[in-house]
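Residue strings, one per chain:
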Amino acid sequence: MPHHVIVLDDEEDVRKGIRLQLGGTRFEVLEAQGAEEAIELLREHALTVEAIICDVRMPKISGVEAAAFFRREYRSTPVVVLTGFPDVNLAVDFMKKGVVEYLVKPVEKKELIAAVEKAVAQRTRFCGGS
Amino acid sequence: MDPMSPRSTAENLLRLAVHAAPAGIIIVNREGTIVFANRTMLNMFGYPEEELLGQPVEILVPETLANAHRQQRELYSLGPSRRDMGVGKEFEGLTKTGRRIPIEIGLRPDESENGQMIVATVIDISERKAIEDRLRRHEEHLEELVAERTRELHEAQAARERAMARLIQADKMAAIGTLVSGIGHEINNPLYVIMSLAEAMGGEYGEKIVRHSKHIAETVKNLSGYAQPAHKHELQRVDINASIDAAIMMVKRSLQSDEVEIKQSTGTVPEILAKTEEIQQVLFNVIRNAVQASSARDIVELESRHDDGWVSVSIHDAGGGIAEGDRKKIFDPFFTTKGPDEGEGLGLYIVQQIVSKYEGRIDLDSKRGKGTTFVIRFPAADRVGSSTRRESNAAPRDRPG
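Just so we're clear, the structure is a prediction, and the values are computed from it rather than from any experiment.

1. Things to note about the sheet that holds strand β1 (residues 24–29) of chain B
Residue and element names in this part refer to chain B.
Line of reasoning, step 1. As summarised here, the arrangement of the 5 strands in space is β2-β1-β5-β4-β3, forming an open sheet in which the pairing is antiparallel. Strands at the two margins of the open sheet, each flanked by one partner only, are β2 (34–37) and β3 (90–94). Across the sheet, the mean angle from the axis of one strand to that of its neighbour is 40 degrees, orientation sign disregarded.
Line of reasoning, step 2. Relative to β2, β1 runs antiparallel, the two being bridged by 3 bridges. Residue pairing across strands places Ile27 opposite Phe36, the latter belonging to β2.
Line of reasoning, step 3. Contacts from helix α4 (residues 63–78) reach β3, β4 (100–112) and β5 (115–124), with the element oriented near 20 degrees to β4.

Structure representation (structure tokens):
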């Protein structure tokens, strides 16, 4: 069974960058340009999505709203926030909403992989293994 | 003479008038002997008539002035002229009891059947002098009041100017903070793309791109990160003396030299509410600047104090001071007076960001050639809890690297 990670970012090059960094790991990237697209992907790959990497500043539905929705509707799917806008208070709010990691761009490959692995490990703990 | 004759009556009236005159009248002959004194004069100096008549006029002059008076009188008798009462003719008289009284004298020479006589009119001006003294004292007091008020106004004006400068500075910093955090987003996103592509590219060039991208990211973080308000749960009770120790150690490690002595005088101070690492960062940046501004064998002095709910740390160096034109700019990002490899000009900007965040303030006193003192103040967490008082000359010795 594939290990999917949804990458939600409005910038295509950023999505490609994440894909590159996760390349060579067991994770397969599913790209979403907006929150609706990400929700579609979640429905479609409900059993195989192991984590969501989510941007904050996006048109229409922001990362804050999207992350809250994912945590509410897809409780077992951990969210990693990856933003270019460092804000301590925002980070704290995300953590309170159950977001596992809050990363500030630019991150190195090993940092991103470590964050996704940590998120997935937590999901495994909650779900008793997948 | 018949006492009832018209001539005798006129003489009596004249005598009555002379004795009743409000001014003292005294007549002295060419030799300076007193030949007449009216009642006012006698009362003024406290002599009975028989004791005064026949005495040299100097009996009425204080001893210290008697010789000069005698000489002047002799000169005057060679060419006597009328001298009216008035300003500038004030003297001192000596009463029988030895009391000195301020007097004003008018002189009028006259020839009589007994030779040349000098008629002197004498007024006791004690009361006038006392009033003048009181007026002078009032005037002086008034001048003091005016001077004091002027000083207060100047101080108030200076305080207003300082407050205004701080407001402008805070405003500028807030504007920069907003700007850089906005720009930060615009920089970080493409920077992430560059970095991830460079990682994928690998090789020497890829690694170089990654390294420089990280440097840019660090700069952006320094510009915007510290301005963020701290979340309540992140705040710790920080012992500023312990932070000073930690900062000195970091400075020692970073500059790796011992030619500048750092002398501490840490007082008993309450804790402050902040993030420990940020307070250490503030102290590290300012102490490092102080050491870098110093010459070999100079002393950098640190002092912590508690004053009216504020915890302050002063950092003094005996370096060259900050040029007046630079003082307004030293907190601006990327402003530096150091060489290209000694710093990017963010140190004091970060200091200002952190200090403002905790509602503290920074005061700067710098004179060209006399060194610089930074005083950094933070509000005390509360009045409970304080660190131990220590005096230390133990020399964490450092020098510019």
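Next comes the rest of the write-up.
2. A word on the confidence of the model for chain A
Line of reasoning, step 1. Residues of chain A with pLDDT of at least 70 account for 94%, and the chain-wide mean is 88.
Line of reasoning, step 2. Highest mean pLDDT in chain A belongs to strand β2 (residues 27–32) of chain A (96); lowest belongs to helix α4 (residues 88–96) of chain A (76).

3. Describing helix α2 (residues 35–44) of chain A
For an α-helix, 3.6 residues make a turn, and residues three or four places apart therefore share a direction.
All names here are of chain A.
Line of reasoning, step 1. Inspection of α2 places Ala35, Ala38, Ile39, Leu41 and Leu42 among the buried residues, and these make up the whole buried set. The arc that holds the buried residues of α2, viewed along the axis, is 160 degrees, so those residues lie on one side. Residues of α2 that are exposed and angled more than 90 degrees away from the buried face: Arg43 and Glu44.
Line of reasoning, step 2. Where α2 is buried, its residues meet β1 (3–8), β2, β3 (49–54) and α3 (63–73).

4. Overview of the pattern of salt bridges
Line of reasoning, step 1. What the rule picks out here adds up to 26 salt bridges over all chains.
Line of reasoning, step 2. A salt bridge links B:Glu152 to B:Arg149; the shortest N-O distance between them is 3.1 Å. A residue pair is termed a helical-turn pair when its members lie 3 or 4 positions apart in one helix, as B:Glu152 and B:Arg149 do in helix α5 (residues 126–201) at 3 residues.
Line of reasoning, step 3. A relative accessible area of 47% places B:Arg149 in the partly exposed class.
Line of reasoning, step 4. Between B:Lys208 and B:Glu204 there is a salt bridge, with the nearest N and O atoms lying 3.6 Å from each other. Taken together, the residues span about one helical turn, with B:Lys208 and B:Glu204 both in helix α6 (residues 203–224) at a distance of 4 residues.
Line of reasoning, step 5. On the basis of relative accessible area, B:Glu204 is assigned to the exposed category, the value being 54%.
Line of reasoning, step 6. The structure contains a network of salt bridges with shared partners spanning A:Glu12, A:Arg15, A:Lys16, A:Arg19 and A:Glu31.

5. With respect to the interface of chain A and chain B
The figure often quoted for interface size is the accessible area lost as the parts come together.
Line of reasoning, step 1. Between chain A and chain B, the residue contacts involve 24 residues of the former and 22 residues of the latter.
Line of reasoning, step 2. The junction of chain A with chain B conceals about 2000 Å² of combined surface from both sides, 60% of it contributed by carbon and sulfur atoms.
Line of reasoning, step 3. Counting every contact that joins chain A to chain B gives 1 salt bridge.
Line of reasoning, step 4. Counting the contacts that link chain A with chain B gives 9 residue pairs in polar contact (both at pLDDT 80 or more).
Line of reasoning, step 5. In terms of residue count, helix α1 (residues 12–22) of chain A provides more of the side of chain A that touches chain B than any other element does, 6 residues in total.
Line of reasoning, step 6. Classifying every residue of the side of chain A that touches chain B by side-chain character gives 12 nonpolar, 4 polar and 8 charged.

6. Topic: the packing of α2(A) against α3(A)
All names here are of chain A.
Line of reasoning, step 1. As a packed pair, α2 and α3 sit with axes 10 Å apart at the nearest point and diverge in direction by 20 degrees. Relative to α3, the element α2 lies roughly parallel. When the axes of α2 and α3 are compared, the crossing they make is right-handed. Facing Ala35, Ala38, Ile39 and Leu42 of α2, the residues of α3 in contact are Ala66, Phe69 and Phe70.
Line of reasoning, step 2. Among the residues forming the contact of α2 with α3, the class breakdown is 7 nonpolar, no polar and no charged.

7. Some remarks on the nonpolar core
Residue and element names in this part refer to chain B.
Line of reasoning, step 1. In terms of nonpolar packing, the biggest core is built from 43 residues, with Ile240, Ile279, Ile287 and Ile315 touching the most fellow members.
Line of reasoning, step 2. Top element by residues in this core is helix α8 (residues 276–293). It accounts for 8 residues.
Line of reasoning, step 3. Those residues in contact with Ile240 that sit more than four places away from it in its chain are Val269, Ile272, Ile279, Leu283, Ser304, Val311, Val313 and Phe378.

8. Points about a negative patch on the surface
Line of reasoning, step 1. A surface patch of negative charge is lined by B:Glu139, B:Glu143, B:Glu144 and B:Glu148.
Line of reasoning, step 2. Counting through the fold element by element, B:Glu143 comes out in helix α5.

9. Description of the confidence of the model for chain B
Fine structural detail should not be taken from predicted coordinates in areas where pLDDT scores are low.
Residues and elements named next belong to chain B.
Line of reasoning, step 1. For chain B, the average pLDDT comes to 83, and 86% of its residues sit at 70 or higher.
Line of reasoning, step 2. Counting contacts from residues 384–401, a segment whose pLDDT is below 50, to residues more than four positions away or on other chains yields 60 contacts.
Line of reasoning, step 3. Overall fold confidence for the complex sits at a pTM of 0.49, while the interface term, ipTM, reaches 0.85.

10. A look at the packing of aromatic side chains
All names here are of chain A.
Line of reasoning, step 1. Enumeration over the complete set of coordinates arrives at 2 aromatic pairs over all chains.
Line of reasoning, step 2. Measuring from ring centre to ring centre gives 6.2 Å for Phe69 and Phe70, while their planes differ by 70 degrees; the resulting arrangement is edge-to-face.
Line of reasoning, step 3. Note on Phe69: relative accessible area 22%, which makes it partly exposed.
Line of reasoning, step 4. According to the relative accessible area criterion, Phe70 is buried, its value standing at 1%.
Line of reasoning, step 5. Aromatic side chains Phe94 and Tyr102 sit 6.1 Å apart centroid to centroid with 35 degrees between the ring planes, which places their arrangement in the tilted category.
Line of reasoning, step 6. When its relative accessible area of 14% is taken as the criterion, Tyr102 is described as buried.

11. A few points about the side chain of A:Glu108
Line of reasoning, step 1. Relative to the helices and strands, A:Glu108 is located in the loop between β5 (101–104) and α5 (109–127).
Line of reasoning, step 2. Take A:Glu108: its relative accessible area is 15%, and that puts it in the buried class.
Line of reasoning, step 3. A polar atom in the side chain of A:Glu108 sits 2.9 Å from the side chain of B:Lys214.
Line of reasoning, step 4. With residues near it in sequence (within four places) discarded, A:Glu108 still touches A:Gln21, B:Met195, B:Glu199, B:Val210 and B:Lys214.

Definitions and cut-offs
- Residues numbered from 1 in each chain as written.
- Chains lettered and ligands numbered in written order.
- Predicted model: local features only at pLDDT ≥ 70, side-chain atom pairs only at ≥ 80, totals over all residues.
- Heavy atoms only, no water.
- Pairing = 2+ DSSP bridges.
- Helix = DSSP H or I, 4+ residues; strand = E, 2+ residues; numbered from the N terminus.
- Axes fitted to C-alpha atoms, helices over the stretch in contact; angles between N-to-C directions.
- Contact = heavy atoms within 4.5 Å.
- pLDDT = per-residue confidence, 0-100.
- Buried < 20%, exposed > 50% of the residue type's maximum accessible area, 1.4 Å probe, protein only.
- Arc of directions from axis to C-beta.
- Salt bridge = Lys/Arg side-chain N within 4 Å of Asp/Glu carboxyl O.
- Buried area = accessible area lost by both parts, 1.4 Å probe.
- Polar contact = N/O pair within 3.5 Å; in protein donor to acceptor, adjacent residues only side chain to side chain.
- Nonpolar A, V, L, I, M, F, W, Y, C, P; charged D, E, K, R; others polar.
- Parallel < 35°, antiparallel > 145°, perpendicular 65-115°, else oblique.
- Left-handed = near helix turned anticlockwise from the far one by under 90°.
- Core = buried A, V, L, I, M, F, W, Y, C linked by side-chain atoms within 4.5 Å.
- Patch = residues over 30% accessible without salt bridge, like charges linked within 9 Å, V, L, I, M, F, W, Y side chains within 5 Å.
- Areas by Shrake-Rupley, 256 points an atom, 1.4 Å probe, with all protein chains shown as cover.
- Lys, Arg positive; Asp, Glu negative; His and termini not counted.
- Charge placed at Lys NZ, Arg CZ, Asp CG, Glu CD.
- Phe/Tyr/Trp six-rings, centres within 6.5 Å; stacked < 30°, edge-to-face > 60°.

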